[in-house]
Amino acid sequence: MDELPNDLRVRVGRLLAEHDPATTGRQEFLGARFDEGLAWVHFPPGAGGLALPYEFQPEVDRLLASAGAPENDMRRNGIGLGMAAPTILRFGTPAQVQRFLRPIWTGEEVWCQLFSEPGAGSDLAAVATRAVRDGDGWVVNGQKVWTSSAHNARWGILLARTDPDVPKHQGLTYFVCDMTAPGIEVRPLRQLTGEAEFNEVFLTDVRIPDEHRLGGEGQGWAVASATLNNERVAIGGRADARESGMIGVAARTWRERPDLRTAELHGKLLRLWVESEVLRLAGARLRQKLAAGQPGPEGAALKVTFARLAQQLTGWELELLGAEGLRYGEWPMVRPSSVDLTGRDAGYRYLRARGNSIEGGTSEILRTIVAERILGLPAEPRPDKGVPWKDLAR
Amino acid sequence: MSNEPTLLYTDVEGALRAGVRKLLDERCGLRGVLGCYDGDRSLVTGLWRGLNRELRLSALLVPEAHGGDGGSCREAAVVLEELGRVVAPVPFLTSAVVGTTALLASPAPAAAVLLSALAAGRRTVTLVVPLAAGPGAAAGLDIRVEAGELHGRVANVAGALEADVLLVPAARSGESVELWAVPAATAHIEPVSSLDMTRQLADVTLPGVPGELLAPAEAGRRAVGDALLTGAALLASEQLGLAQWCLDTTVDYVRLRRQFGRTIGSFQAVKHRLADLYVEVESMRAAARHAATACGGASGGASAESAVAASVAQAFCGTAAVHVAEEAIQLHGGIGMTWEHQLHLYLKRAKADQIAFGTPGSHHDELARLVALPPPV
Ligand SMILES: Cc1cc2nc3c(=O)[nH]c(=O)nc-3n(C[C@H](O)[C@H](O)[C@H](O)COP(=O)(O)OP(=O)(O)OC[C@H]3O[C@@H](n4cnc5c(N)ncnc54)[C@H](O)[C@@H]3O)c2cc1C
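Residues numbered from 1 in each chain as written. Chains lettered and ligands numbered in written order. Predicted model: local features only at pLDDT ≥ 70, side-chain atom pairs only at ≥ 80, totals over all residues. Heavy atoms only, no water.

Going by an unreviewed UniProt entry, chain B carries the name Acyl-CoA dehydrogenase and comes from Sinosporangium siamense. What UniProt states about chain B under its Cofactor (unreviewed entry) heading is, verbatim, "FAD". One UniProt comment on chain B, placed under Sequence similarities (unreviewed entry), says "Belongs to the acyl-CoA dehydrogenase family." (UniProt positions renumbered as here; feature names shortened; annotations may be inferred.)

In the nomenclature of an unreviewed UniProt entry, chain A corresponds to Acyl-CoA dehydrogenase from the organism Sinosporangium siamense. UniProt annotates chain A under Sequence similarities (unreviewed entry) with the comment "Belongs to the acyl-CoA dehydrogenase family." UniProt's Cofactor (unreviewed entry) comment on chain A is quoted here verbatim: "FAD".

Moving on, we come to the site of the ligand. Taken together, 18 residues sit near the ligand, with A:Ser116, A:Ser122, A:Trp146, A:Thr362 and A:Glu364 positioned nearest. At the site occupied by the ligand, the surrounding residues belong to chains A and B. The fraction of the free accessible surface of the ligand (960 Å²) that becomes covered by protein chains is 67%. (Near = heavy atom within 4 Å. Areas by Shrake-Rupley, 256 points an atom, 1.4 Å probe, with all protein chains shown as cover.)

What follows is about the side chain of A:Glu231. All names here are of chain A. Looking at the secondary structure, you find Glu 231 in helix H6 (residues 220-236). According to the relative accessible area criterion, Glu 231 is buried, its value standing at 8%. Beyond its immediate stretch of four places on either side in the chain, Glu 231 contacts Gly 82, Met 83, Gln 113 and Gly 360. (Helix = DSSP H or I, 4+ residues; strand = E, 2+ residues; numbered from the N terminus. Buried < 20%, exposed > 50% of the residue type's maximum accessible area, 1.4 Å probe, protein only. Contact = heavy atoms within 4.5 Å.)

Our next topic: the pattern of salt bridges. For the coordinates displayed, the defined rule picks out 59 salt bridges over all chains. Residue A:Lys168 is joined to A:Asp384 by a salt bridge in which the shortest nitrogen-to-oxygen separation is 2.4 Å. Taken together, the residues A:Lys168 in the loop between strand S4 (155-161) and strand S5 (172-178) and A:Asp384 in the segment after helix H11 (363-374) connect sequence positions 216 residues apart. Side by side, A:Lys168 and A:Asp384 carry an identical accessibility label, which is buried. Salt bridges here are not isolated pairs; linked through shared partners, they connect B:Arg17, B:Arg21, B:Asp25, B:Glu81, B:Glu82 and B:Arg85. (Salt bridge = Lys/Arg side-chain N within 4 Å of Asp/Glu carboxyl O.)

With that settled, consider the pairing of strand S1 (residues 111-114) of chain A. Residue and element names in this part refer to chain A. Alternating residues of S1 divide into Trp 111 and Gln 113 and Cys 112 and Leu 114, and every residue in both groups is buried. Where S1 lies against S4, four bridges are found, and the strand directions are parallel. The partner of Leu 114 across the bridge, within S4, is Leu 158. (Pairing = 2+ DSSP bridges.)

Residues and elements named next belong to chain B. Within the secondary structure layout, Ala 184 lies in the loop between strand S5 (177-183) and strand S6 (188-191). Put simply, Ala 184 and Ala 77 are 107 residues apart on the chain and 27 Å apart in space, counted from C-alpha to C-alpha. Once residues lying within four places of it in the same chain are set aside, the contact partners of Ala 184 are Ala 163, Asp 164, Val 165, Leu 166 and Ile 189.

Contacts between the two partners involve 45 residues from chain B and, on the opposite side, 48 residues from chain A. When the two sides are added together, the surface that chain B and chain A hide from each other amounts to roughly 4000 Å², 63% of it contributed by carbon and sulfur. Seen at the junction of chain B and chain A, the total is five salt bridges. Note that B:Lys271 is salt-bridged to A:Glu380, the shortest N-O span being 2.6 Å. If you list the elements that add at least two residues to the side of chain B that touches chain A, you get helix H7 (217-256), strand S10 (262-263), helix H8 (268-294), helix H9 (304-332) and helix H11 (360-370) of chain B. A total of 15 residues in the side of chain B that touches chain A trace back to one element, the largest contributor, which is H8(B). (Buried area = accessible area lost by both parts, 1.4 Å probe.)

The next point concerns the packing of aromatic side chains. Describing an aromatic ring pair means giving the distance of the ring centres and the angle of the ring planes. Residue and element names in this part refer to chain A. Under the definition given, this model contains 14 aromatic pairs over all chains. Ring centres of Tyr 328 and Trp 331 lie 3.8 Å apart, and the angle between their planes is 10 degrees; on these two criteria the pair is classed as stacked. Since its relative accessible area comes to 44%, Trp 331 is described here as partly exposed. Through a chain of ring-to-ring contacts, three or more aromatic side chains come together here, namely Phe 34, Trp 40, Phe 43 and Trp 105. Over the face of the ring belonging to Trp 155 we find Arg 154, whose NZ or CZ atom lies 4.5 Å from the ring centre. (Phe/Tyr/Trp six-rings, centres within 6.5 Å; stacked < 30°, edge-to-face > 60°. Lys NZ or Arg CZ within 6 Å of the ring centre and 35° of its normal.)

Another aspect to go through is the side chain of A:Asp345. All names here are of chain A. The topology assignment puts Asp 345 in the loop between helix H9 (298-321) and helix H10 (346-353). No salt bridge is formed by the buried Asp 345. Its closest oppositely charged neighbour is Arg 344, at 5.0 Å. A distance of 3.0 Å separates a polar side-chain atom of Asp 345 from the backbone nitrogen of Tyr 348. Leaving out residues up to four positions away in the same chain, Asp 345 has contacts with Arg 327, Tyr 328 and Gly 329. (Lys, Arg positive; Asp, Glu negative; His and termini not counted. Polar contact = N/O pair within 3.5 Å; in protein donor to acceptor, adjacent residues only side chain to side chain.)

Next up, the structure:
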């Protein structure tokens, strides 16, 4: 795909002419960009897009960035942008698409993911949070855990059990949950970094109107799977320039600090640089493959590599810095307004990277997904198969 | 070009692949390949002739002006994937890729004559450098030009046994390297018993033989550099083909083989190892496609990006292919250790390929220079 269609160029030019990035507010500009169909060009008209092939997006992004246009902030609203938006687009009603996508894009509304529970982590389909029908809505009771950004969120994507009498995958329904609704309590959970990026969320008699159901009753697993596939592509397959992310931090430190260099760390750095570059290319290739369709299990493969490299690179960086690396910013418990994997100092980055192989599916679970769904190897033994959820051992 | 070039396969590349695969499936049988280890190289000549007559592989990278097909490096890469898949013992890489690239960068009329002969499938060439020489290697210093004659010896040359014309980097004085063409019949070409007999090495001695100058000093150095860079870039696709076959074969095997009352592919320890191999093979594919895309091919010389892409691909794919082949043997158990199972052909080729056109370590050194990550002082 080499040239932007003329219409797209005209639109970019018009957006910039009518909303000078130098003088327009951030949210206003992003809103105008959404209305012009330049948010996600592969989304339909009216939903931030123009129903064009995804291949055009990087060029649109580049043109706007080089004109000084503001970008939306994945670190602040990664769940909204990377997970909620594509899921709502695919499974939402026109009214839901209309209501939710634009404020996700502009960052006006931050989202969180109410999936994991104390008894349902890797085995996500075991969730116990109950949603019971009540007139034209639902009443939800239960507890969620590890909920990143719940303290900043206006909305949550919620997986809840609506039918305990059928096997676990069949009795789930997916909702959009208003985080300001009565009955929602968000408590910080402090992480090993010292920060409380995630939370536990208690839901007590929370009312959700039926128009905030996403997908059919009992279809929650299919909807959640789409969310998770998008999450893995969002984490592992970002469209980035060479030396973005953790390798960029490492390479910069290496260049700036000749005094710290050793032969052993040089060898390791070059290997990690090559692997990071190959991951970047694999991400680009996957995005080209997915241009039209929805992400399948292939994103899982990238995410495993992403996590391993982030962990190795941050460990490498601490070794390079030596004693300096042992000076850790500060420990007081804060509730950050964004999740920044490459932010703060080397010690923070090292500690935060531990989570990369746990969040969004552990690397063990992702390997199983690759083995079964891509390579077609036999499924794990499933003692819970076909058993109604209410009869499972817990 | 405003967008990143595609790393996927085009329809044209798919059609080329299908044609090569069909011919190889029919004519590159396991027994013939194994024969290379027992002194029977009868498969080689016939197969190479067939690939040239029917698919014009020797003409692929030769520009149309010289009677060739004007194909791209990406197309040659797809051919190499298929040749790797069956460990085909043909000199496509050494003649149609590396030799051809050296000729394309050679200004003398003799080079054009050879290109036409390659396009017609009448000649097979090879660059007389050690197989291990990478893009940054100082090739050509072992052969001297004296009074228009070439003297010297180069060990561990690939493609020499199949070649009828040798492309010889040679130094006249100091380190300025020229490129010469010498009829193979006038050289001493001594076969070497090699780790990988499907790309058998030879020691080449030139006892003061006349040749034709293809490229004078500066152009000669560039021709050799371009050729080795293209070789390194496209070797990644051969490595991908080898690794893909090993993965596919192992996945098939673990789904059949039963122990403890279950297929061994149902054990999570086995599944996870294969998942890691899948990740590795898909990563190789991205690196190999990128290297082939970045490489100039018939249209012209090496760019900075092609050098980075080639070294990334070799640093990654060389080791990855060996890893996949080694894991494939482990997951086959005892049968993987046998002569009868063809896995060993893949292991030997993968290990030889890891060293060919620069070891992963030498490509790391190249990258340190290219992307400004200098070693400690
Ligand atoms: C930083 C961070 C942020 C997060 N943010 C969110 C969020 O915003 N929203 C949300 O819903 N969740 C979030 N999570 C939760 C995350 O998705 C879960 O932690 C994860 O799915 C693992 O579940 P678990 O913690 O219950 O571990 P477990 O499932 O108990 O796993 C424990 C160990 O057992 C292994 N294991 C489990 N089952 C298998 C198996 N079948 N085969 C092999 N090994 C197995 C796991 O790989 C792991 O190593 C977050 C987690 C982290 C670390």
